[in-house]
Amino acid sequence: MSKALLYDATMCIGCKQCEAACAQQNNLPYDDTVAAETVQSAHKYTVVKTMDDKFMRRLCMHCEKPACASACPVGAFHKTAAGPVVYDVWKCIGCRYCMVACAFNQPKYEWQSLNPRVRKCIMCPDRIAAGKQTACAEICPTGATKFGERDDLIREAKDRIRKDPKYIDRIYGLNEVGGTSVLIISDENPEQYGYPASAKIGDTPIPEYTGRVMDRIPDFVPVWTLVLGGIYWVSHRRDEVAAAEAEEEKQIEGGK
Amino acid sequence: MKIKLTFWRVVFIVVMVLGLYSSYIRYFRGLGAVSNMTDQFPWGLWIGFDCLCGVMLAAGGFIMVGAVYLFNVERLHSVVRPAVLTAFLGYVLFIVGLLFDLGRPWYIWHQLIYMNPHSVMFEVGMCVMTYTTVLLFEFLPNVFEAVNWKAPIKWINKIYPVLIVLGILLSTLHQSSLGSLYLIMPSKLHPFWYTPALPFFFFGSAVAVGLAMTIFESTQSARVFGRQLELPVLVTLGGALLVALWVNLLLRFEDYFHRGLLREIFKPSYEAYFLWLELVLTFVLPIAILSFKKARLSPQWLYLASIFTVLGFITNRLNIALIGFETYVGHHYVPKWTEFSITLMIIAMGFALFAVAVRYLPIFPQEEHGVKPRLRSEPATSPMVSTPVLGHAGD
């Protein structure tokens, strides 16, 4: 039971009201200059990209198994049961491992700040907790961004794809990196708008790549300690024995 | 007392002044002003060099401690102290470097309370913290000896076996984990460098560089501090280095073969040029040199081979940290001069602290520091421990 967003690029009219609503929700400045920016940044969590008369929205994908959460040394990111991947700023030490770990390059940094934070879409967790939609879904005039249960949205996406041949038969985010809470359907491939290729990021949850190594550590530590201790013992035992024998000999001679 | 202005002192002062200016920019203007890091390139020179290379260059400490105290290679005894000193300084400076790179360094202690055991970064952080403490204890006897304070030396001797085993355990863990850090970016790091074997390669390179750095610093110290060069030590290290390089080379090509890259890496491309540079410096040159018996017995050739090895593995880590991401990101990252100047400042601090330590502490086994009997008369309470720490300090 987790919430998700379905973005249907064929329904998007590029009005950018989601951008404005997002900025307002997160207390970020939004004017014509910001609206004209086509890349996400610490002050622009979501962006509607335009190519000719077609559009594609970008935002944090809210992975089911988020790389950022597994990478963060202080656990500043976590996936909530409701769906959003949220960020606890007070924990963050600023190592930026989340940024390099994210396959979608979503975490952005306040490079100019003296007390910088990582910034990204957090899927309006307060609104969801209050039973509301995300700000972007609520404002969307055409329903291109739709909020709902992930399972329901997947069903609906499949439905739309089946009924209309204009769609490419794929739901981006269904299985990518183990599934995400943002799902995209379109008559074009999201890769054309800067999304990473499905084949490249794969269906394996990103945390598994490091998990395979990290899981071995609890076994490795005692075994390696024993090996090292054993080597130490063996290589010093000889000296000890020699010393003890010399001591013994001395005592025997002394006893005579 | 008059301080003479030698060439290197002038260089040192210039580097420090520029470094301090850059530090001001870093802490009063922010990371964006001091570096060319961006949202696309969140890790730059400081992670690539100060952290990845810094920890590798400090590997001599655990390699030499392991060789001498674990495997009883008595011949190498005289290089343990300088190696431990280098390692200790290396880790301290690594932490200094981290204070520049972290966005909120004043929260670095959060590692201790908000632990995330799934994070490789967390593991590296914890290991580095504990290992630096271990190194402090391995280094402290030098200070206590210099001030002739015997009681704490005895205490440290008692726990020395624990320090040795713990130090090597922690080193194994975090040297390899620095490589594991990059396992999380399979879609970003160029396939020349992204391999599930990264942790093994990082450990393997730490071993080779640990040996090479010990050769380098022994030779360098002999020149600078006018000490007698101990050829048998260098020859032993050179032989070990040759073996370590061959093992690294075979594993590396085994991995290329395994991933079907053997043809790919020899086709000219931007990444291939950097890979070739790395392979030539790391393997071709030093192995070629060390394959000649004459070279293995000559301090000059050993010195040269060690320099190539160190430069080669530095190239390797910079390729992983910087070059390997450029294709994915789609543009080049060239560090800003202020980034370079902070890195240089940290290196300069390392050299200066090493020189100061050598001047005032019994790092090298010679009677030239005015420190009286080096506790040779210390009763051997525990034969196995007193031997390593003190037994040979005076020879």
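The rules behind these values
Residues numbered from 1 in each chain as written. Chains lettered and ligands numbered in written order. Predicted model: local features only at pLDDT ≥ 70, side-chain atom pairs only at ≥ 80, totals over all residues. Helix = DSSP H or I, 4+ residues; strand = E, 2+ residues; numbered from the N terminus. Rg over C-alpha atoms; globule rule 2.2 N^0.38 Å. Buried ≥ 20, exposed ≤ 12 C-beta atoms within 10 Å, placed from the backbone. Axes fitted to C-alpha atoms, helices over the stretch in contact; angles between N-to-C directions. Parallel < 35°, antiparallel > 145°, perpendicular 65-115°, else oblique. Left-handed = near helix turned anticlockwise from the far one by under 90°. Contact = placed C-beta atoms within 7 Å. Nonpolar A, V, L, I, M, F, W, Y, C, P; charged D, E, K, R; others polar. Pairing = 2+ DSSP bridges. Domains from an automatic or database assignment.

(A) Structural context of the overall build of chain A. When its secondary structure is counted, chain A shows 10 helices and nine strands. The C-alpha atoms of chain A give 27 Å as radius of gyration, which overshoots the globular expectation for 256 residues (18 Å, by more than 25%). C-alpha atoms of chain A, sized along the principal axes, occupy 105 × 45 × 35 Å. For chain A, the proportion of its 256 residues judged to be buried stands at 40%.

(B) View of the packing of helix 1 (residues 7-29) of chain B against helix 15 (residues 337-360) of chain B. Residue and element names in this part refer to chain B. Relative orientation of the contacting elements helix 1 and helix 15 amounts to 130°, with a least axis distance of 8 Å. What the angle tells us is that helix 1 and helix 15 run oblique. For the pair helix 1 and helix 15, the sense of crossing is left-handed. Residue-level inspection shows Phe12, Val15, Met16, Leu18, Gly19, Ser22, Ser23, Ile25 and Arg26 of helix 1 in contact with helix 15, the latter providing Thr338, Ser341, Ile342, Leu344, Met345, Ala348 and Ala352. Of the residues that constitute the contact of helix 1 with helix 15, the class distribution is 10 nonpolar, five polar and one charged.

(C) Layout of the pairing of strand 2 (residues 47-51) of chain A. Residue and element names in this part refer to chain A. Two elements, strand 2 and strand 3 (residues 54-58), share five bridges in a ladder whose sense is antiparallel. If you follow methionine 51 over to strand 3, its bridge partner there is lysine 54. The antiparallel pairing of strand 2 with strand 3 creates a hairpin that spans two residues between the two strands, and aspartate 52 there sits at a positive phi of about 55°.

(D) The domain arrangement of chain A, seen in detail. What the domain assignment reports for chain A is domain 1 (3-207) and domain 2 (216-255). Each of domain 1 of chain A and domain 2 of chain A has a C-alpha centre, and these two points are 60 Å apart.

(E) Layout of the environment of histidine 190 of chain B. Residue and element names in this part refer to chain B. Relative to the assigned elements, histidine 190 resides in the loop between helix 9 (160-180) and helix 10 (198-224). Of the residues examined, histidine 190 has 19 C-beta atoms within 10 Å and is grouped as partly exposed. Along the chain, histidine 190 and isoleucine 95 lie 95 residues apart, while their C-alpha atoms are 28 Å from each other.

(F) Up close: the environment of valine 85 of chain A. Residues and elements named next belong to chain A. Inspection of the secondary structure assignment puts valine 85 in strand 5 (residues 85-87). Sequence-wise, valine 85 and glutamate 208 are 123 residues apart; in three dimensions their C-alpha atoms are separated by 18 Å. Apart from the residues within four sequence positions on either side, valine 85 is in contact with Cys60, His62, Cys63, Pro66, Cys68, Ala69, Phe77 and Lys79.

(G) Geometry of the interface of chain B and chain A. The interface of chain B with chain A comprises 40 residues on the first partner and 50 residues on the second. Elements represented by at least two residues in the side of chain B that touches chain A include exactly helix 2 (31-34), helix 6 (110-113), helix 7 (120-146), helix 9 and helix 16 (383-391) of chain B. Grouping the constituent residues of the side of chain B that touches chain A by class yields 24 nonpolar, 13 polar and three charged.

(H) Representation of the sheet that holds strand 8 (residues 145-149) of chain A in the model. Residue and element names in this part refer to chain A. The three strands are arranged 8-1-9 in an open sheet whose pairing can be described as mixed. The open sheet has two free edges, formed respectively by strand 8 and strand 9 (182-185), since each of these has just one partner strand. With strand direction ignored, the average angle separating the axes of adjacent strands in the sheet is 25°. Bridge count for strand 1 (residues 3-8) against strand 9 is four bridges, and the pairing is parallel. When the bridges of strand 9 are listed, leucine 5 appears paired with valine 182.

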